[in-house]
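The chain contents come next:
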Amino acid sequence: MTATLNRQSIFATVRQMLGRGFRQTEVAQLDDAIDQAIEGKAVPDAPSQSENNQVPGRISEVGEALIKQFEGCARLRRDGMIQAYPDPGTGGDPWTIGWGSTGRDHFNGGKIRKGTVWTQKQCDERATNDYRRYADDVVRALGSAIANTSQGQFDALVSFHYNTGAIGRATLTRKHVAGDHAGAAREFSRWNKAGGRVMKGLVRRRAAEERLYRSGM
C-alpha cells in the first residue's frame, strides 16, 4: 500500500512539474524507475527518442545495460575469479558464467560446467562477443522487417533472445515481423518460466523488455 501511495504521489508531482500529462513512453519509464528504486537496483539510462528511431543492427548501450542488469556477473570468488553457477530452474544444466554466458568455454575448451572459472576480463570479452552473435540472430530472424524495427524494439528482442534463445521460433517474432507490434509486446510476459516454474526474476525481466519494446513503437 505504501509503494502504491508513493507511486501516485510521484506521478502527481512530476505531472505538476511538467505542466502536462504523461506520454505513454514516459509512463513506462517512470514506472520502471520507481520499481527499480523500490527494489534498490540501479536504473539504466532510458533510450532517447533518436536512439529508438534509428534502424538497428547492433544492440545499443541501453540494451546492454538491460541485459547486464538482469544477468549480473555473479559468483565472484575471493581470489578475484568468477565461477560458473547452475541454472536456477533445473539446478544443473545449462551452467552459466559471467554475464549470462552458456554453452562453449572458449577460454578453457569444452563446455561451461560446474567448476568453470574465468577472469573478469574474460567475462567481459565473452559478453561483447555474445551481444554481437545474438544481435546477428535477431537480424536474421527479422529479415526485411528489420527496416521497420526501432532501436528500442531491437534491444528488447536481443535481450529476450539472449535469455531464451527463442527468437527463431517465438510467436513474438512472428507477430513483430507481421507488423503486429502491439501483439508482439504482449507476448513477452508468456516467457516467464524456467524448469516449468514461474520465476520472479523472469517476470521482472520480461516486463522490462516489454517496456523497452513499447518505448520504440
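Here goes a summary of the coordinates provided. Bear in mind that the values here come from a model prediction, so they are computed numbers and not experimental data.

1. Here's the deal with the overall build of the chain
(1) Moving on: A tally of regular secondary structure across the chain gives 9 helices and 4 strands.
(2) Moving on: Ordered by position from N to C terminus, the α and β elements of the chain give α-α-α-α-β-β-α-α-α-α-β-β-α.
(3) Moving on: Per-residue burial for the chain yields a buried fraction of 40% across its 217 residues.
(4) Moving on: The contacts in the chain between residues at least 6 apart in sequence include a share of 55% that link residues at least 24 apart.
(5) Moving on: On the chain, roughly 11,700 Å² of surface is accessible, and the fraction owed to carbon and sulfur atoms is 51%.

2. Regarding the nonpolar core
(1) Moving on: Residues Val138, Leu157, Val158, Phe160, Phe188 and Tyr213 are the most contacted members of the largest nonpolar core, which totals 37 residues.
(2) Moving on: Ranked by residue count, the leading element in this core is helix H5 (residues 120–142), at 7 residues.
(3) Moving on: The residues contacting phenylalanine 160, other than those within four sequence positions of it, are Gly165, Ala166, Ile167, Ala170, Leu172, Phe188, Trp191, Arg206 and Glu209.

3. Re the environment of glutamate 61
(1) Moving on: Along the polypeptide, glutamate 61 turns up in helix H4 (residues 61–71).
(2) Moving on: Classification of glutamate 61 as exposed rests on a relative accessible area of 70%.
(3) Moving on: Between the alpha carbons of glutamate 61 and aspartate 155 there is a distance of 9.0 Å; along the sequence they are 94 residues apart.

4. Observations concerning the packing of helix H6 (residues 151–164) against helix H9 (residues 200–215)
(1) Moving on: Contact pair H6 / H9: the axes reach a minimum separation of 7 Å and the direction vectors enclose 155°. By the angle class used here, H6 and H9 are roughly antiparallel. Where H6 abuts H9, its residues Gly152, Gln153, Asp155, Ala156, Leu157, Ser159, Phe160, Tyr162, Asn163 and Thr164 lie against Leu202, Arg205, Arg206, Glu209, Leu212 and Tyr213.
(2) Moving on: For the contact of H6 with H9, the class distribution of residues is 7 nonpolar, 5 polar and 4 charged.

5. Things to note about the packing of aromatic side chains
What describes a pair of aromatic rings is the distance from one ring centre to the other and the angle between the planes of the rings.
(1) Moving on: Under the counting rule described, the total for this entry stands at 6 aromatic pairs.
(2) Moving on: An angle of 40° between the planes, with centres 5.7 Å apart, marks the rings of tyrosine 131 and tyrosine 162 as tilted. Residue tyrosine 131 is found in helix H5, and its partner tyrosine 162 is found in helix H6; the two are separated by 31 residues along the sequence.
(3) Moving on: With relative accessibility at 4%, the residue tyrosine 131 sits in the buried group.
(4) Moving on: Judged by relative accessible area, which is 5%, tyrosine 162 ranks as buried.
(5) Moving on: Between phenylalanine 160 and tryptophan 191 the ring centres are 5.3 Å apart and the planes differ by 90°, which places this aromatic pair in the edge-to-face class. A residue pair is termed long-range when its members are at least 10 positions apart, and phenylalanine 160 in helix H6 and tryptophan 191 in the loop between helix H8 (181–187) and strand S3 (193–194) qualify at 31 residues.

Scoring rules and cut-offs
- Residues numbered from 1 in each chain as written.
- Predicted model: local features only at pLDDT ≥ 70, side-chain atom pairs only at ≥ 80, totals over all residues.
- Heavy atoms only, no water.
- Helix = DSSP H or I, 4+ residues; strand = E, 2+ residues; numbered from the N terminus.
- Buried < 20%, exposed > 50% of the residue type's maximum accessible area, 1.4 Å probe, protein only.
- Contact = heavy atoms within 4.5 Å.
- Areas by Shrake-Rupley, 256 points an atom, 1.4 Å probe, with all protein chains shown as cover.
- Core = buried A, V, L, I, M, F, W, Y, C linked by side-chain atoms within 4.5 Å.
- Axes fitted to C-alpha atoms, helices over the stretch in contact; angles between N-to-C directions.
- Parallel < 35°, antiparallel > 145°, perpendicular 65-115°, else oblique.
- Nonpolar A, V, L, I, M, F, W, Y, C, P; charged D, E, K, R; others polar.
- Phe/Tyr/Trp six-rings, centres within 6.5 Å; stacked < 30°, edge-to-face > 60°.

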